[in-house]
Amino acid sequence: MASGGMRPGAPQNNPANVSGTGGAGQSGNYTGFAYGQNQAVNQQRVEGNQAVASTQAPAPSGNPYDGINMPQLGTLFDPTTRPNEPISAGVDFGAGPGSEALPKNLMNDSRMDENAKIAQQYLPDLAFAAQSPDAPDSFKRFVNYLIENAQGFNANG
């Protein structure tokens, strides 16, 4: 194998081979400090990296769910696990408790109503912008969607 000479594909001849820390992009060391400081700065960087690595928690090994006994999930066709509870429990009609019996994180999200009111507030400006000849078709479709939902909100709200 021949060695020496100009090699256009060599790393030092690649203009994209630039290091974020300075230098030629090969060593990863900091350069450009006052005379005699480069070695000290690079040694501090190495020691800092080692200190950070030693303070990190060890990576968990194995299955994170070991030791947790979770019940096997059933299918829709399995027999009920609550034979004394009406099928309409948790719904605001029929036998059994209504939606007040559900956990709080399963309650209806009221942000949809708030978002509809905000969209309705800005709808005239959005509709005006959608009439611009420069408006993209996707924006026009979005405004049409908002108009349709705002009319439904007015009928329901």
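Just so it is clear, the structure is predicted and the values come from calculations on it, not from any experiment. (Residues numbered from 1 in each chain as written. Predicted model: local features only at pLDDT ≥ 70, side-chain atom pairs only at ≥ 80, totals over all residues. Heavy atoms only, no water.)

A.B. asks: Sorry, what's going on with the overall build of the chain here?
C.D. replies: Regarding its fold elements, the chain presents 3 helices and 0 strands. Starting at the N terminus and walking to the C terminus, you meet the elements of the chain as α-α-α. Within the chain, the proportion of its 157 residues that are buried is 9%. A separation of at least 24 residues holds for 12% of the contacts in the chain among residues at least 6 apart in sequence. If you sum the accessible surface of the chain, you get close to 13,700 Å²; carbon and sulfur atoms cover 56% of it. (Helix = DSSP H or I, 4+ residues; strand = E, 2+ residues; numbered from the N terminus. Buried < 20%, exposed > 50% of the residue type's maximum accessible area, 1.4 Å probe, protein only. Contact = heavy atoms within 4.5 Å. Areas by Shrake-Rupley, 256 points an atom, 1.4 Å probe, with all protein chains shown as cover.)

A.B. asks: Explanation requested: the nonpolar core in the structure shown.
C.D. replies: One recurring pattern in soluble globular proteins is that nonpolar side chains are buried together. Counting residues in each nonpolar core, the largest one holds 5 residues, listed as Leu 123, Ala 130, Val 143, Leu 146 and Ala 150. Among the elements of the structure, α2 (111-130) and α3 (137-156) are those that each provide at least two residues to this core. A per-element tally of this core places α3 first, with 3 residues. (Core = buried A, V, L, I, M, F, W, Y, C linked by side-chain atoms within 4.5 Å.)

A.B. asks: What is the right way to read the side chain of Ser 88 from this model?
C.D. replies: Tracing the sequence through the fold places Ser 88 in the loop between α1 (38-55) and α2. A distance of 2.5 Å separates a polar atom in the side chain of Ser 88 from the backbone oxygen of Ala 95. With residues up to four places along the chain from it excluded, the contact list for Ser 88 reads Phe 93, Gly 94, Ala 95 and Pro 97. (Polar contact = N/O pair within 3.5 Å; in protein donor to acceptor, adjacent residues only side chain to side chain.)

A.B. asks: What should I look at first to understand the environment of Ala 150 in this one?
C.D. replies: Within the secondary structure layout, Ala 150 lies in helix α3. Residues Ala 150 and Ala 119, spaced 31 residues apart in sequence, show a C-alpha to C-alpha distance of 7.8 Å.

A.B. asks: Can you walk me through the environment of Ala 135 in this structure?
C.D. replies: Along the chain, the position of Ala 135 falls in the loop between α2 and α3. Setting aside its immediate chain neighbours within four residues, Ala 135 contacts Ala 129, Ala 130 and Lys 140.

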